[in-house]
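Read off the chains here:
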Amino acid sequence: MPTTPPSTAEIEAVPCPRCRRAFAVRAAREGMLERLLSLAYVYPFRCQLCRHRYRALRWGVRYQRHSRRQFERLPTQMPVKLIWGDQEGSGLVSELSIAGATVETDQPIPVGQAVQLSFRSSGEDVEVTVDVSMIRSRRAGEVGVEFTEVSREHEERLAQLVRDLLERMKQA
Ligand SMILES: [Zn+2]
C-alpha cells in the first residue's frame, strides 16, 4: 500500500524547542490532558528531523486530521546496499524518514532480520550508513525497515537528507 506523502500544509512551521528547526507534523493526542489542551489550541507535534515530541500553541487552528505515522515517509530514489548475516544485496530507497524507510528489493530478507543499510543521495552526494535496521514488513518487491542503530554522525547526515526532501516538498 503506497503511503500518501504529506501535503505542504501538514509540515508545520512550529519551531522545535530541541533543534530549533520548523519541520514538524501534528501528532496524535495522548491522554486526557492533551485532549483538554487541544480545546485551547495547544497541540502535540513531532519534529521530523530530531524526533522530539513537543506541544505548541496554534491559536485559532483546528485540525481535521493528523498524521497516522509519527514520521512521514517522503518519496525519494536512492540506491542502497544491504548487508545481513553473510549476505549482501542491493535495492532502492523509495521512501525515507528519520526513523525508517521503504526499500525496493528482490532480496528475500525475512521480517525480523537485522540489516545494515548504506544509501547515497545523488544530488547532495551524501552517504548514510544505518548500522542496524530491522525488517518490519514485507510485500512483493519491497520491505519496510525501522532504523534502530545509527551513529551520531550518520544521524546528522540522515537529518540533512530528510530536511532536503521536506524542503523540496515545500517548494513543489
Ligand atoms: Zn527537532
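Residues numbered from 1 in each chain as written. Predicted model: local features only at pLDDT ≥ 70, side-chain atom pairs only at ≥ 80, totals over all residues.

Details of the overall build of the protein
Rules: A helix here means a DSSP run of H or I that spans at least four residues, while a strand means a run of E at least two residues long, and both kinds are numbered starting from the N terminus. Atoms considered for the radius of gyration are the C-alpha atoms alone. The globule rule reads 2.2 Å times the number of residues to the power 0.38. Residues with at least 20 other C-beta atoms within 10 Å of their own are called buried, those with 12 or fewer are called exposed, and the rest are partly exposed. The C-beta atoms themselves are positioned from the backbone.
Counting secondary structure elements, the protein contains 2 helices and 9 strands. Going from N to C terminus, the protein has its helices and strands arranged as β-α-β-β-β-β-β-β-β-β-α. In terms of overall size, the protein behaves like a compact globule, its C-alpha atoms giving a radius of gyration of 17 Å where 172 residues would be expected to give roughly 16 Å. Considered along the principal axes of its C-alpha atoms, the protein spans approximately 55 × 30 × 30 Å. Evaluated residue by residue, the protein yields a buried proportion of 29% over its 172 residues.

A few points about helix H1 (residues 31–39)
Among the 9 residues in H1, 0 count as buried, and that is only a small part of the element. Note on H1: the residue one or two positions beyond its end, Tyr41, has a positive phi of about 65°.

Notes on the sheet that holds strand S3 (residues 53–57)
Strand pairing in a sheet relies on backbone hydrogen bonds, with the paired strands running either antiparallel or parallel. In plain terms, the rule: Criterion used throughout: strands pair if DSSP finds at least two bridges between them. A fitted line through C-alpha atoms serves as each axis, taken over the contacting stretch for helices, and the angle formed by two N-to-C directions is quoted from 0 to 180°.
Taken in spatial order, the 3 strands make up an open sheet running S1-S2-S3, and their pairing is antiparallel. In this open sheet, the two strands that pair with only one neighbour each are strand S1 (24–26) and S3. On average, each strand axis in the sheet is tilted by 40° relative to the strand beside it, whichever way the strands run. The pairing of strand S2 (residues 42–47) with S3 spans 5 bridges and is antiparallel. Of the residues in S3, the one forming a bridge with Phe45 is Tyr54.

Observations regarding the nonpolar core
Note the cut-off: For the purposes of this analysis, a nonpolar core is taken to be any set of buried Ala, Val, Leu, Ile, Met, Phe, Trp, Tyr and Cys residues that are connected through C-beta atoms within 7 Å. Once C-beta atoms are placed from the backbone, any two residues with those atoms within 7 Å are in contact.
By size, the foremost hydrophobic cluster in this structure holds 36 residues, and its most contacted members are Ala24, Val80, Val93, Leu96, Ile98, Leu158 and Val162. Examining the composition of this core, we find that 6 residues originate from one element, helix H2 (residues 152–171), more than from any other. If we skip the residues at most four places from it in the chain, Leu158 touches Ile98, Val128 and Val150.

Description of unusual backbone geometry
Backbone geometry places Arg20, a non-glycine residue, at a positive phi of 70°. By the secondary structure assignment, Arg20 is in the segment before S1. Residue Arg20 is classed as exposed on the basis of its 9 C-beta neighbours within 10 Å. Its identity as a non-glycine residue notwithstanding, Arg51 has a phi of 75°, on the positive side. Counting through the fold element by element, Arg51 comes out in the loop between S2 and S3. Residue classification places Arg51 among the partly exposed positions, given that 17 C-beta atoms sit within 10 Å.

With respect to the sheet that holds strand S4 (residues 74–84)
Here we have 6 strands rolled up into a closed barrel, ordered S4-S5-S6-S9-S8-S7, and antiparallel in their pairing. The average undirected angle you get between the axes of adjacent strands in this sheet is 45°. By the bridge criterion, 4 bridges tie S4 to strand S7 (residues 114–121) in an arrangement that is antiparallel. From the neighbouring strand, Val80 faces S7, where its bridge partner is Phe119. The sheet strands contacting H2 are S4, strand S5 (87–96), S7 and strand S8 (126–139), and the helix crosses S8 at an angle near 75°.

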